[in-house]
Amino acid sequence: MTNAVPTLKTKRLFLKPLTLEDVPNYSKYFIEYEVIRHLSHVVPWPYPKDGVVDYLETFILPSQGIDRWTWGIFMQNTPSELIGCIDLWREGHPENRGFWLGKPFWGQGLMTEAAEAVTNFAFQNLDFDKLVFSNALGNIRSRRIKEKTGARFVGTRPAKFVDPSLTEAETWELNKNDWQKL
Ligand SMILES: CC(C)(COP(=O)(O)OP(=O)(O)OC[C@H]1O[C@@H](n2cnc3c(N)ncnc32)[C@H](O)[C@@H]1OP(=O)(O)O)[C@@H](O)C(=O)NCCC(=O)NCCS
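What you are looking at is a predicted structure, and each value in this text was computed from that prediction instead of being measured.

Student: Would you mind going over the site of the ligand with me for this structure?
Tutor: Every one of the 22 residues lining the ligand counts as a neighbour, but Gly107, Gly109, Thr112, Asn139 and Lys148 are closest to it. Gly109 is positioned such that a nitrogen or oxygen atom in its backbone is 2.7 Å from an oxygen atom of the ligand. At a separation of 3.0 Å, an oxygen atom of the ligand approaches a polar backbone atom of Met111. Burial of the ligand by the protein amounts to 75% of the accessible area it has alone, namely 950 Å². Residue assignment for the shell around the ligand shows that the elements contributing at least two residues are strand E5 (97-101), helix H4 (110-124), strand E6 (130-136) and helix H5 (140-148). Among the elements that line the shell around the ligand, the one with the most residues is H5, at six residues. Within the shell around the ligand, the residues separate by chemical class into ten nonpolar, nine polar and three charged.

Student: Any chance you could explain the side chain of Thr149 here in plain terms?
Tutor: Relative to the helices and strands, Thr149 resides in the loop between H5 and strand E7 (152-158). The buried category is assigned to Thr149, whose relative accessible area is 1%. A distance of 2.7 Å separates a polar atom in the side chain of Thr149 from the backbone oxygen of Ile145. Apart from the residues lying within four places of it in its own chain, the contact partners of Thr149 are Thr112, Glu116, Leu174, Trp179 and Leu182.

Student: Sorry, what's going on with helix H1 (residues 23-30) here?
Tutor: In an α-helix, one turn spans 3.6 residues; hence positions three or four apart end up facing the same way. Residues of H1 that are buried include every one of Val23, Asn25, Tyr26, Tyr29 and Phe30, and no others. The buried side chains of H1 occupy one side of the element, clustering within an arc of 165° when seen end-on. With respect to the buried face of H1, the exposed residues turned more than 90 degrees away are Pro24 and Lys28.

About the criteria used
Residues numbered from 1 in each chain as written. Predicted model: local features only at pLDDT ≥ 70, side-chain atom pairs only at ≥ 80, totals over all residues. Heavy atoms only, no water. Near = heavy atom within 4 Å. Polar contact = N/O pair within 3.5 Å; in protein donor to acceptor, adjacent residues only side chain to side chain. Areas by Shrake-Rupley, 256 points an atom, 1.4 Å probe, with all protein chains shown as cover. Helix = DSSP H or I, 4+ residues; strand = E, 2+ residues; numbered from the N terminus. Nonpolar A, V, L, I, M, F, W, Y, C, P; charged D, E, K, R; others polar. Buried < 20%, exposed > 50% of the residue type's maximum accessible area, 1.4 Å probe, protein only. Contact = heavy atoms within 4.5 Å. Arc of directions from axis to C-beta.

Here's what the structure looks like:
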């Protein structure tokens with residue numbers, strides 16, 4: 001098992017381990033209601049001024065490569081500008097993965113591309129047997145990524161999100177054998 005978070009390269013993207021240097025661009029693209037509204041209610045809204053740096057210092061950086069793997073998403077043609085984030089963690093809540101992308105970049109298949117690379121890493125390098133995913137019922141873009149990457153719909157459960165009109169979460173599973181077949 002690796003302790004590092006390696007840079008992953010896809011057709012159009014670099015996924016690089018998140019650092020404090022990314023805070024300005026993380027804040028620029030993340031702190032927008034359309035991005036945050038679909039996330040768990042534990043994410044504060046209105047989003048606090050130093051929220052990103054606190055989140056990285058408290059939750060991400062101490063766990064990087066230990067039980068959490070968090071990548072910034074960068075276009076290869078603008079490799080110093082973070083445009084989104086994808087992360088993976090060992091203990092499910094019940095899920096094992098989260099992601100967000102800056103709104104100007106939606107709808108180009110970029111998160112599907114990032115999710116495929118991270119799924120390969122989880123099964124091949126970290127030896128996960130199964131990944132559990134989750135999204136708010138009604139988050140069609142996020143749901144579509146699960147469908148496109150071969151995940152199996154498990155069911156819905158009550159859940160709270162930043163947007164109080166979202167009251168249920170969908171759960172999905174993808175096991176290693178099914179991913180390898182895909
Ligand atoms: C969810 C999110 C990461 C998707 O990123 P993305 O790069 O736009 O996703 P992709 O382009 O790879 O795939 C989106 C899919 O949804 C489809 N889609 C987009 N809008 C849609 C709509 N209104 N109805 C149906 N499908 C839609 C797209 O067509 C695409 O599917 P396709 O490739 O089969 O055409 C991005 O919208 C986001 O950051 N949202 C806010 C944060 C969030 O929801 N995070 C996930 C929490 S579970």
